[in-house]
Amino acid sequence: MSSASIIPNLLTLAWLLPLVAFAVICLGCSMVQRRQGQVPYELQRRAGLLSVGAIGAATLLSFIALFVWLGTHEWTGGAHGGELHPNGPPRYYADDWYSLVEIGSLKLTLGYYVDALTVLMFAMVTFIATCVHVYALGYMHDELHEVTDHEVNVRGRHLHRPGRFHRFFQYLSLFSFSMLGIVIAGNLAMVFMFWELVGICSYFLIGFYIERHSASTAANKAFIVNRVGDFGMLIGMMALWASVGTFSFGDIPQGDKVQPGLFSQLRNESNDFALVPTVGFVSPQEESADAKYPGYWLLTIAGIGIFCGCVGKSAQFPLHVWLPDAMEGPTPVSALVHSATMVAAGVYLVGRFYPVFTPEALLVIAYTGCITLFIAATIALTATDIKRVLAYSTVSQLGYMMLALGIGGWVAGMFHLMTHAFFKSLLFLCSGSVIHAVHTNELPLMGGLRKKMPITAYTMLVGCLAIIGAGLPIAGIGLSGYYSKDAIIEQALSFAKLNGPHRVLLLAPVLGAVLTAFYMFRMWYLAFVGPPRDKHRYDHAHESPRVMTVPLLVLAFMAIAAGWNVGPLCITGLLESAQPIGTAVGAKGSLAAALTIPAESLSHAPAIKQQAGLWAFGAAALGVLLATVFYCWKVMNSSEVASTFRPIHRLLLSKWWFDELYDWVFVKPTLAIGLGIAWVDRRMIDGLIHFLARCAKWGAGIVGSIFDVRVIDGAVDGLAALTWGGAGELRKIQTGRLRQYVMFIVLGFLALTFAALGVAFAR
Amino acid sequence: MVVGALLFTCGVVCMATKRNLLGVLMGVELVLNGANLNFIALGSPYLRSVEGSLGLDGQLIALFVIVLAAAEAAVALAIALNFYNNFQTIDIDHAESLSG
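Cut-off values and rules
Residues numbered from 1 in each chain as written. Chains lettered and ligands numbered in written order. Predicted model: local features only at pLDDT ≥ 70, side-chain atom pairs only at ≥ 80, totals over all residues. Heavy atoms only, no water. Helix = DSSP H or I, 4+ residues; strand = E, 2+ residues; numbered from the N terminus. Buried < 20%, exposed > 50% of the residue type's maximum accessible area, 1.4 Å probe, protein only. Contact = heavy atoms within 4.5 Å. Areas by Shrake-Rupley, 256 points an atom, 1.4 Å probe, with all protein chains shown as cover. Rg over C-alpha atoms; globule rule 2.2 N^0.38 Å. Core = buried A, V, L, I, M, F, W, Y, C linked by side-chain atoms within 4.5 Å. 1 Å grid on protein atoms, 1.4 Å probe; cavity = no way out; pocket = protein on both sides within 12 Å on 5 of 7 lines; lining within 4 Å. Points joined across faces, edges and corners; volume = space filled by probe spheres on them. Nonpolar A, V, L, I, M, F, W, Y, C, P; charged D, E, K, R; others polar. Patch = residues over 30% accessible without salt bridge, like charges linked within 9 Å, V, L, I, M, F, W, Y side chains within 5 Å. Salt bridge = Lys/Arg side-chain N within 4 Å of Asp/Glu carboxyl O. pLDDT = per-residue confidence, 0-100. Phe/Tyr/Trp six-rings, centres within 6.5 Å; stacked < 30°, edge-to-face > 60°. Pairing = 2+ DSSP bridges. Domains from an automatic or database assignment.

(A) Representation of the overall build of chain B within the structure. The secondary structure content of chain B amounts to three helices and zero strands. In chain B, the succession of helices and strands from N to C terminus is α-α-α. Within chain B, the fraction of its 100 residues that count as buried is 27%. For chain B, long-range pairs separated by at least 24 residues make up 53% of all intrachain contacts whose partners lie at least 6 apart in sequence. By element, 73% of the accessible surface of chain B is carried by carbon and sulfur atoms, the whole surface being about 6,500 Å².

Here it is as structure tokens:
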């Protein structure tokens, strides 16, 4: 078999395995639960193991696919520097499996589009999913038995309910399937399908503790906020389909012809792979004159529309409000769904869709990312819930990725997506381990846990160092975050040099780096260093079981090493070989003429690289130093500083009042309108209907009393009376005198005879 | 046929005038047999052409009537017995009380 068939087949198998696990668990355990109420211990355990086995096998297949790819493809190992793709467009395999529906020229298919990015994403997603699955075996252990939920009171007592271990793994498997579906999808319609599927999985998993009010509200919030973004995505899809006429990414072979996909239509070889709107974007009348602009506008709008979907899914400003609330779900879910994979799907889609974005759309993306990263980083400064700190840090890092993509750093953005997935899932799993030990999310109740749970503490320290991008800028060696974050800041610097007015796009990531370092180490110091603040909880804390710590160690290793250039495995090199054709050379804005997206290779120039490296290092060091001053050495008191900058502190503590703002702007008016409509419904429509009903009743009464009684009853009664009377008359001739009867017979006979004779003679 | 007509008339008069139940029954028999005589007489080859038939139809119907008369006599006698049991008499004028 050639690699053209073996890689898609391997990935397809890896994609479908979790679906099989989901189906088996769903059919098996749900039926048992319906019959018996509580699924037996052994069956639940087996469901979990089945799920782990499926995702583990998928990981194996994905890594085989990755190595097959490495073995069969030319790639340049980070050295090719983004010249005009000497070997032509990057290699990919694309085909359709199955055509769902064809309406006119609209064709919805299930297909695949596999390139180096897909293979890499598969390896990353399945690897992290396996770690999280294994970890969840330990973390969700309580769910194997009858569970007492201390946060829910039913009539003054804690809620008792059957354990839901199997259901957790069922949803986790479905999620893995859906996520891999997004990654492998060969067209925009299929992406949208799986996009919604991960949305519903996220809904299920956030609302796992469905009895808690906060969990069900958070699940609703996540789902509804995502709907807003998906609406924009639908608009973008419609615009693209109406103008280009296809949803497929790549060229699909059809018999001996080739059906050109979105990318090759919009970036044609004859245009030197530059982005040019196709004929479909321009109506025929406009074509003659200065036709460029309307089509270009439409293309920009289509790009921004698709980006709207990514804003919702990746929790970007202004739709970032759902992600922190999503932390109501169990911690493994936060690690897998809400930090490493699902929220990265938005970034992934922007990366996958990169050839379609015009420079203006990219600018929108960059500013969205910039605002997000800054706002989220500031909120994380004051959050006290350990998972919320991490959630805001996720939002902030996703902002980094969007910013990197928006300013032309495709490789930097995607690279940060990979490294972030490793260290953020590590951080979340560590926080889960802490929560498991002390049974609280609140940082002020922890402290000094380093001695009690050393593995968790030091793996978390690795995660913190990775996220702030710790490394030695002169030697050029560091943890994974060092490489990816420096790449982003390099690109931002190179962008800012060319675009003076957009200098804020450089300031924000540098400032964000300071804040990141500060809040991460604040969290670490509060949890693990210093005297224990809650003696009781401290005494009961213990290191987690091995099933939880081994994934931590594995992920910690990856968080350190994911950026290294080891032998054939070099993520940046592989990503550079996957960079969409025509995007590596930069672009110039058409509508905003001053806008220039620099080529990514420019950011590797030594002057920029050293300057950016020093800035990033300085920022991280400053942040760590500040955190140490405040929370480790206690030179300054954090609450005093907070009271000095009281308004700012309150602003941050209440999360910039976004929830309140949305409450006032959207939720309250919606509720008010709903109440108004309910009033109209109850008073006016119901009133009208009651009135009509009363009229009908009254009319029916009249009809009943007149027509029914007189006519129908009269007819029936009359008939009966007639029969009665007739019978009474007839009875009189039944005298009972036999001789009289004989007389009648004879007389009748004679009468008949005479009548017959009369008739005969009359003839 | 004259004999048959006489018999029939006698039977009818007997039915109309007798108060005795058995007398009435006898009248009925007379009527039936009068009718029989007429059937046989009218069925005889002297009174009509017989082409296309065996010429036995009058006699066959007479036989049917005889069987009918036997059955009727059995039922009527049973009624008479019951009547006597109930009323201790066979005077049919008492049967008025059966009227509705």
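(B) Molecular detail of the overall build of chain A. Along chain A, the regular secondary structure elements total 26 helices and 10 strands. Relative to the 2.2 N^0.38 estimate, which gives 27 Å for 763 residues, the radius of gyration of chain A is 37 Å and therefore markedly larger than a compact globule would have. The dimensions of chain A, computed from C-alpha atoms along their principal axes, are 145 × 75 × 55 Å. Looking at the 763 residues of chain A, the share that counts as buried comes to 53%.

(C) View of the nonpolar core. Core analysis: the biggest nonpolar cluster contains 225 residues, and I128 and F353 of chain A have the highest contact counts within it. Ranked by residue count, the leading element in this core is helix α15 (residues 410-438) of chain A, at 19 residues. Other than its neighbours up to four places away in sequence, I128 of chain A contacts L336, A340, A421, F422, S425 and L555 of chain A. Counting residues in each nonpolar core, the second largest holds nine residues, with M15, L21, V31 and I92 of chain B among its members.

(D) Structural detail: empty space enclosed by the protein. All names here are of chain A. Tallied over the full model, the rule gives one cavity of 30 Å³ or more. When its volume is computed, the largest cavity comes out at roughly 60 Å³. In terms of lining, the largest cavity is formed by H320, V321, P324, D325, I379, R388, Y392, K655, F658 and D659. Secondary structure elements with two or more residues in the lining of the largest cavity: α10 (322-325), α14 (386-406) and α25 (658-732). Along the lines of polarity and charge, the residues of the lining of the largest cavity split into five nonpolar, one polar and four charged.

(E) Up close: a nonpolar patch on the surface. On the surface, W679, V680, M684, I685, L688, I689, F691 and L692 of chain A cluster together to form a nonpolar patch covering roughly 800 Å² of accessible area. Its place among the elements puts V680 of chain A in helix α25.

(F) Examining the confidence of the model for chain B more closely. Residues and elements named next belong to chain B. The share of residues in chain B with pLDDT of 70 or more is 88%, and the mean pLDDT across the chain is 81. Helix α3 (residues 57-87) holds the highest mean pLDDT among the elements of chain B, 88, whereas helix α1 (residues 2-17) holds the lowest, 82. For this predicted complex, the interface score ipTM comes out at 0.73, alongside a pTM of 0.75.

(G) Looking closely at the packing of aromatic side chains. Residue and element names in this part refer to chain A. Tallying each qualifying case throughout the model produces 33 aromatic pairs over all chains. Arranged with centres 4.7 Å apart and planes meeting at 15°, the rings of Y171 and F204 form a pair that is stacked. Note that Y171 is positioned in helix α4 (residues 165-184) and F204 in helix α5 (residues 188-206), a separation of 33 residues in sequence. According to the relative accessible area criterion, Y171 is buried, its value standing at 14%. Judged by centre distance (5.2 Å) and plane angle (70°), the ring pair of Y482 and Y483 falls under edge-to-face. In this structure Y482 comes out as buried when scored by relative accessible area, which is 8%. An aromatic cluster of at least three residues, connected via ring pairs, comprises Y92, Y113, F249, F263, F353 and F357.

(H) Region of the structure containing the pairing of strand β3 (residues 147-154) of chain A. Residue and element names in this part refer to chain A. Relative to strand β4 (residues 157-161), β3 runs antiparallel, the two being bridged by five bridges. Looking across to β4, one finds that V154 is bridged to R157. Remark: two residues form the turn of the hairpin made by β3 and β4, two consecutive strands paired antiparallel; R155 in that turn has positive phi of roughly 50°.

(I) Main features of the environment of M558 of chain A. One can find M558 of chain A in helix α20 (residues 546-561). Sequence separation of M558 of chain A and S425 of chain A is 133 residues, and the distance between their C-alpha atoms is 11 Å.

(J) Fine view of the domain arrangement of chain A. Per the domain assignment, the segments making up chain A are domain 1 (3-242 + 253-653) and domain 2 (669-732). Each of domain 1 of chain A and domain 2 of chain A has a C-alpha centre, and the two are 67 Å apart.

(K) Expanded view of the pattern of salt bridges. Residues and elements named next belong to chain A. Applying the stated criterion to the full structure yields 10 salt bridges over all chains. A salt bridge links D325 to K221; the shortest N-O distance between them is 2.9 Å. Here the residue D325 occupies a position in helix α10, and K221 occupies one in helix α6 (residues 213-244), the gap between them amounting to 104 residues. Of the charged contacts, one joins D230 and R227 as a salt bridge, the two residues approaching to 2.6 Å between their closest N and O atoms. Here D230 and its partner R227 are both found in helix α6, three residues apart, which amounts to about one turn of the helix. Residue D230 is classed as buried on the basis of its relative accessible area, which comes to 3%. A residue is classified by how much of its surface remains accessible, and R227, at 30% relative accessible area, is partly exposed.

(L) Looking closely at unusual backbone geometry. Residue and element names in this part refer to chain A. In the segment running from F317 into P318, the intervening peptide bond is cis, with an omega of 5°. Along the chain, P318 turns up in the loop between α9 (292-313) and α10. Positive phi, close to 55°, is recorded for A315, a residue that is not glycine. In this structure, A315 sits in the loop between α9 and α10. Residue A315 is classed as buried on the basis of its relative accessible area of 0%.

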